[in-house]
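Letter by letter, the chains look like this.
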Amino acid sequence: MSEELIEVADQIDNNEFKTGKWENENIAQVPFKVYRKQNTSTGLLNCSLCLDDKYFMTGYKNGTICLWETETGEIIKEYKKHNHYITQAKLFYEGQRILSSSYDMNVCVSDMETGETIWSSKHPGLVTSSDVSPDDKIIVSASDFDYSLYFWDFRNGKMINRVEGQHSSTPLCCTFSSDGQRVASTGIDANTKIYDLVSQKTTVTLSGHENVVSSCRFSHNQLFLCTSSWDKTLQIWDISTGGFR
């Protein structure tokens, strides 16, 4: 999917319902397909590709999670695991498990085939973000009540560690590096922090945005970190120096 753009939209006019189709091919500079969910007025919040990009998951404001087939645009499975906004929905563990988190204050791991909840852990506040380590062993989540990061054993939901007050206000994103040894987090405090799981310390604090930092991602070689902000900028940081380009 590197040369294509996926757009997922709610369908309002059911008389002209179509999904997984190429649209505006003659005028679009980047080819894209539009995927539509029928009979819904709820808002789409997030989307993640999985299983070699053959499928993708979407999370909605009403707590629904959907698994789509990329080629056909069909919804293969639909899950109702939460009763509030979905802040993360992704497959992991060779596609056998679903990680989901929500404003209902829960992070949840479920079986993909049956939809059965394997474990669910309640936070003191909204769960604003979550991610799973590349080896599928550790789950990280962020809570807005105590501005903390939580680390969980993916098998049973046992808490491994809690990094209290990682931000001075609500964290909005947490994500693992490709080696699973670091977690970057961003927040309303306009800061980006990198926590080292080996030393169990926050080793880097990045301050350069003029507004809320909404998201971040490590580069594949882990030398750089890209952050996005409400100040309408993207910044690419050299993690070793703490400077941005």
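Structural notes on the overall build of the protein chain
No. 1: Looking only at helices and strands, the protein chain features zero helices and 23 strands.
No. 2: When each of the 245 residues of the protein chain is scored for burial, the buried share is 51%.
No. 3: Of the contacts formed within the protein chain by residues at least 6 apart in sequence, a portion of 37% connects residues at least 24 apart.

What about the side chain of Gln-222?
No. 1: Tracing the sequence through the fold places Gln-222 in the loop between β20 (213-218) and β21 (224-229).
No. 2: Judged by its relative accessible area of 17%, Gln-222 falls in the buried class.
No. 3: Those residues in contact with Gln-222 that sit more than four places away from it in its chain are Ser-177, Ser-178, Asp-179, Arg-182 and Ile-239.

Examining the pattern of salt bridges
No. 1: Summed over all chains, the structure comprises six salt bridges.
No. 2: The partner of Lys-90 in a salt bridge is Asp-131, and the shortest N-O contact between them spans 3.0 Å. Of this pair, Lys-90 sits in strand β8 (residues 86-92) while Asp-131 is found in strand β12 (residues 127-132), placing the two residues 41 residues apart along the sequence.
No. 3: Asp-131 sits in the buried class, given a relative accessible area of 7%.
No. 4: Close ionic contact of Asp-111 with Arg-97 constitutes a salt bridge, the shortest N to O distance being 3.2 Å.

A look at the pairing of strand β18 (residues 191-196)
Within a regular strand, side chains alternate between the sheet's two faces.
No. 1: By the criterion of burial, β18 is predominantly enclosed, with six of the six residues buried.
No. 2: The two faces of β18 match: Asn-191, Lys-193 and Tyr-195 on one face and Thr-192, Ile-194 and Asp-196 on the other face are all buried.
No. 3: Here five bridges tie strand β17 (residues 182-187) to β18, and the two strands are oriented antiparallel to one another. Within β18, the position partnered with Thr-186 by the bridge is Thr-192.
No. 4: Taking the residues between adjacent antiparallel strands as the criterion, β17 and β18 are bridged by three residues, where Ala-190 takes a positive phi near 70°.
No. 5: With six bridges connecting them, β18 and strand β19 (residues 201-207) associate as antiparallel partners. Counted as the bridge partner of Thr-192 is Leu-206 from β19.
No. 6: Counted along the chain from β18 to the antiparallel partner β19, the turn is four residues long, and its residue Gln-200 has a positive phi close to 55°.

A closer look at the sheet that holds β17
No. 1: Ordered by their spatial adjacency, four strands build an open sheet running β16-β17-β18-β19, and the pairing between neighbours is antiparallel. Pairing within the sheet leaves two strands with one partner each, and these edge strands are β16 (171-176) and β19. Going from strand to strand, the sheet's axes swing by 20° on average, the running direction of each strand aside.

Regarding the packing of aromatic side chains
No. 1: A complete count under the given rule lists nine aromatic pairs for this structure.
No. 2: Taking the centre distance of 5.9 Å and the plane angle of 15° together, the rings of Tyr-150 and Trp-152 count as stacked. In terms of burial, Tyr-150 and Trp-152 fall into one category: buried.
No. 3: In this structure an aromatic cluster arises from ring pairing among Tyr-35, Phe-56 and Trp-68.
No. 4: For Lys-37, the ring lying beneath its charged end belongs to Tyr-60, and the centroid distance is 5.6 Å.

Let's talk about the confidence of the model for the protein chain
No. 1: Of the residues in the protein chain, 88% have a pLDDT of 70 or more, and the chain-wide mean is 90.
No. 2: Ignoring residues within four places in sequence, the model shows residues 11-15, a span with pLDDT below 50, making seven contacts including any to other chains.

Points about the pairing of β8
No. 1: The buried fraction of β8 is high, at six of seven residues.
No. 2: The sheet contact formed by β8 and strand β9 (residues 97-102) spans six bridges and is antiparallel. Along β9, the bridge assignment pairs Leu-91 with Ile-98.
No. 3: In this structure, the hairpin formed by β8 and β9 is closed by a connection of four residues, where Tyr-93 is found at a positive phi of approximately 55°.

About the thresholds
Residues numbered from 1 in each chain as written. Predicted model: local features only at pLDDT ≥ 70, side-chain atom pairs only at ≥ 80, totals over all residues. Heavy atoms only, no water. Helix = DSSP H or I, 4+ residues; strand = E, 2+ residues; numbered from the N terminus. Buried < 20%, exposed > 50% of the residue type's maximum accessible area, 1.4 Å probe, protein only. Contact = heavy atoms within 4.5 Å. Salt bridge = Lys/Arg side-chain N within 4 Å of Asp/Glu carboxyl O. Pairing = 2+ DSSP bridges. Axes fitted to C-alpha atoms, helices over the stretch in contact; angles between N-to-C directions. Phe/Tyr/Trp six-rings, centres within 6.5 Å; stacked < 30°, edge-to-face > 60°. Lys NZ or Arg CZ within 6 Å of the ring centre and 35° of its normal. pLDDT = per-residue confidence, 0-100.

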